[in-house]
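Fold and geometry: a report
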Amino acid sequence: MKIASIILSAGKGSRMNSELPKPFHKIAGEKIIDWVINVNLSIKTDELIIVGSNELNLSDYEKNYKIAIQKKPIGTGDA
């Protein structure tokens with residue numbers, strides 16, 4: 001059986017009061033998005049898809065993962 005992981009990362013993080021998009025905030029020196037990617041890789045997922053927004057620069061991730069763009073992110077319930 002193949003396992004695919006979809007990481008929802010189109011959030012702006014407006015409640016964080018920062019211009020930095022939420023997935024790029026750091027916890028213990030590592031970006032939140034990298035924490036989530038590493039957990040998914042540890043379970044040996046066969047395919048990893050990152051859902052981002054046009055405002056989020058995911059070019060560093062395009063080489064290794066599939067990227068899907070949510071054109072008009074309007075919150076978690078919409079994602």
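A brief look at the structure comes next. (Residues numbered from 1 in each chain as written. Predicted model: local features only at pLDDT ≥ 70, side-chain atom pairs only at ≥ 80, totals over all residues. Heavy atoms only, no water.)

1. Observations concerning the overall build of the protein chain
A tally of regular secondary structure across the protein chain gives 1 helix and 5 strands. If you list the helices and strands of the protein chain from N to C, you get β-β-β-α-β-β. Computed over its C-alpha atoms, the radius of gyration of the protein chain comes to 13 Å, within 12% of the 12 Å expected for a compact globule of 79 residues. Its C-alpha atoms put the protein chain at 40 × 30 × 25 Å along the principal axes. (Helix = DSSP H or I, 4+ residues; strand = E, 2+ residues; numbered from the N terminus. Rg over C-alpha atoms; globule rule 2.2 N^0.38 Å.)

2. Here's the deal with unusual backbone geometry
Despite not being glycine, Ala-28 shows a phi value in the positive range, around 55°. In this fold, Ala-28 is placed in the loop between β2 (26–27) and β3 (30–31). In this structure Ala-28 comes out as exposed when scored by relative accessible area, which is 75%. Despite not being glycine, Lys-44 has its phi angle at roughly 60°, a positive value. Relative to the assigned elements, Lys-44 resides in the loop between α1 (32–42) and β4 (47–52). For Lys-44, a relative accessible area of 65% translates into the label exposed. (Buried < 20%, exposed > 50% of the residue type's maximum accessible area, 1.4 Å probe, protein only.)

3. Observations concerning a nonpolar patch on the surface
Taken together, the side chains of Ile-27, Trp-35 and Val-36 make up a nonpolar region of the molecular surface, amounting to roughly 260 Å² of accessible area. When you line up the elements, Ile-27 lands in strand β2. (Patch = residues over 30% accessible without salt bridge, like charges linked within 9 Å, V, L, I, M, F, W, Y side chains within 5 Å. Areas by Shrake-Rupley, 256 points an atom, 1.4 Å probe, with all protein chains shown as cover. Salt bridge = Lys/Arg side-chain N within 4 Å of Asp/Glu carboxyl O.)

4. Here's the deal with the packing of aromatic side chains
In the structure shown here, the tally under the stated rule is 0 aromatic pairs. If you follow Lys-31 out to its NZ or CZ, it ends over the ring of Phe-24, 5.0 Å from the centre. (Phe/Tyr/Trp six-rings, centres within 6.5 Å; stacked < 30°, edge-to-face > 60°. Lys NZ or Arg CZ within 6 Å of the ring centre and 35° of its normal.)

5. A short note on the environment of Ile-49
With respect to the element layout, Ile-49 can be found in strand β4. With 16 residues separating them along the chain, Ile-49 and Ile-33 place their C-alpha atoms 12 Å apart. Non-local contacts of Ile-49, meaning those with residues more than four positions away in its chain, are made with Ser-5, Ile-6, Ile-7, Lys-66 and Ala-68. (Contact = heavy atoms within 4.5 Å.)

6. A few points about the nonpolar core
Burial of nonpolar side chains together is a common tendency in soluble globular proteins. Membership of the largest hydrophobic core is limited to 10 residues, which are Ile-7, Phe-24, Ile-33, Ile-37, Leu-48, Ile-50, Leu-56, Leu-58, Tyr-61 and Tyr-65. Where this core is concerned, the elements lending two or more residues are α1 and β4. (Core = buried A, V, L, I, M, F, W, Y, C linked by side-chain atoms within 4.5 Å.)

7. A few points about the side chain of Asn-40
With respect to the element layout, Asn-40 can be found in helix α1. By relative accessible area, Asn-40 is classed as buried at 14%. Among the polar contacts made by the side chain of Asn-40, one reaches the side chain of Ser-5 at a distance of 2.6 Å. Asn-40 has contacts with Ser-5, Ile-7, Thr-45 and Leu-48, leaving out every residue within four places of it along the chain. (Polar contact = N/O pair within 3.5 Å; in protein donor to acceptor, adjacent residues only side chain to side chain.)

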